[in-house]
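If you want the building blocks of each chain, they are given just below.
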Amino acid sequence: MTATVALADSMHVVTVLLTVRDAAASRAELLRAATCLRDGGLVAFPTETVYGLGAHALDRAAVRRIFEAKGRPATDPLIVHVASVEDVHALVASWPDAAARLAARFWPGPLTMVLPKADVVPGEVTAGLPSVAVRVPAHPIAHALLTAAAIPVAAPSANLFSRPSPTTAAHVLADLDGRVDVVLDAGPTPVGVESTVVDLTGSEPRILRPGGTTAEDLAVVLGSVVGHDGVVAPVGPMVSPGLLERHYAPRAPLTVYEGDNRSRLLDRMTADVDALLAGGRRVGLLLHDEDVVSRPVAQTRRLGSVARLDLVAARLYAELRALDALDLDAILVHGVDDVRGLGAAVRDRLRRAASGRIVRT
Ligand code: TXA
Ligand code: MG
């Protein structure tokens, strides 16, 4: 019965899981995945940020399969991944000095640049925009795959639309098993939040999405930066449709608590937990390692120490998925106030997950 249903679904493919711990030792697996990409297939692969869902960026039909597999609206443009800076030139119509300096300092790495697109890039990739987002990832398996495929690879995060981005192959399979051709498993991704997206099409560089490359690091190269201020929706004209995407929306409503007075914030969280429990609700908490609560709740998970935002970023999406699996009525999260370094990206992702339910204490 299940088989009949599966066959009736035009989406259904047999997903092949290939373990690749090391590029040199996994030549055969990487060649198989590269061939699949060249032939128009879908390959999920690790990057240093999160797992990506790749397709041949110059093959319109292959790119359309990405949107089908994820259930992603076609209005949300994709990032094109290439093996080296030289490969970017064929994809863009201009290469400003700022791009050259950023590439020299941060590529390969968790930085995406938005530049005027070359004609060769199909509108399916850019959602019809005149610009294209490009990135050279640093993960050795991503690099080996892109080198073997020798084509530009369009890849969003390899999750179903509105689920957290995947940081393990198990997360990818949970969302996309039967919907993609190949999943390359190289273990957990080290950075854990997506790349920083910088728009270089305007008069000055502008951060569209905070991520794995910090604003402070960008400012060192650019002189000043232009910022993303932690506000979820961009102010002014909508330059990046995907930024307004509902993004990750947990099944249970998630509320994020912010404020620099820890005891006042925890008192407020505790009061809200008590009210929810009194109403018979199942409550989950996501706290810092530093947080001590007077009335522990069974479903409490930890983000790690806020003194180590790199480690918080690395586990953030796994923790959100774990809470989502608990069948809760409400999720209360102690957010991040320190927007230095990776704090900006972590706070941004938590605020998006909360869809505006932010309690400032
Ligand atoms: O770390 C990452 O960036 C991961 C890995 C797989 O590389 N990819 C990723 O892709 O996060 P995705 O599709 O989940 O997010 C891409 C972001 C979206 O916010 C999208 O709106 C923006 O990049 N973007 C893509 N093309 C753009 C363009 N031409 N102009 C403005 N924003 C663009
Ligand atoms: Mg995404």
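The present account deals with the structure reproduced in this document. (Residues numbered from 1 in each chain as written. Chains lettered and ligands numbered in written order. Predicted model: local features only at pLDDT ≥ 70, side-chain atom pairs only at ≥ 80, totals over all residues. Heavy atoms only, no water.)

One way to put it is that helix α5 (residues 97-106) packs onto helix α9 (residues 215-222) with a least axis distance of 10 Å and a crossing angle of 125°. In this view, α5 runs oblique relative to α9, as classed from their interaxial angle. Read as a crossing pair, α5 and α9 show a hand that is right-handed. Facing α5, whose interface residues are A98, R101, L102, R105 and F106, α9 presents D217, L218, V221 and L222. Looking at the contact of α5 with α9 residue by residue, the class counts come to 6 nonpolar, no polar and 3 charged. (Axes fitted to C-alpha atoms, helices over the stretch in contact; angles between N-to-C directions. Helix = DSSP H or I, 4+ residues; strand = E, 2+ residues; numbered from the N terminus. Parallel < 35°, antiparallel > 145°, perpendicular 65-115°, else oblique. Left-handed = near helix turned anticlockwise from the far one by under 90°. Contact = heavy atoms within 4.5 Å. Nonpolar A, V, L, I, M, F, W, Y, C, P; charged D, E, K, R; others polar.)

Where side chains of opposite charge bring their charged atoms close, a pairing between them can arise. Scanning all chains against the criterion turns up 23 salt bridges. Between R64 and E124 there is a salt bridge, with the nearest N and O atoms lying 3.0 Å from each other. Linking R64 in helix α3 (residues 60-70) with E124 in helix α6 (residues 123-126), this pair joins segments that are 60 residues apart in sequence. Here R65 makes a salt bridge to D181, at a shortest N to O gap of 3.2 Å. Placement of R65 in helix α3 and of D181 in the loop between α8 (169-176) and β8 (182-185) is noted, with a sequence separation of 116 residues between them. A residue is classified by how much of its surface remains accessible, and R65, at 23% relative accessible area, is partly exposed. Put simply, E258, D337, R347, R351 and R360 are held in one network by salt bridges that share partners. (Salt bridge = Lys/Arg side-chain N within 4 Å of Asp/Glu carboxyl O. Buried < 20%, exposed > 50% of the residue type's maximum accessible area, 1.4 Å probe, protein only.)

The interhelical angle for the contact between helix α11 (residues 309-324) and helix α12 (residues 343-353), taken along N-to-C directions, is 20°, at an axis separation of 9 Å. By the criterion of interaxial angle, the relationship of α11 to α12 is roughly parallel. In this structure, α11 meets α12 at a crossing whose hand is left-handed. On α12, the residues that touch L309, V312, A313, L316, Y317 and L320 of α11 are G343, V346, R349 and L350.

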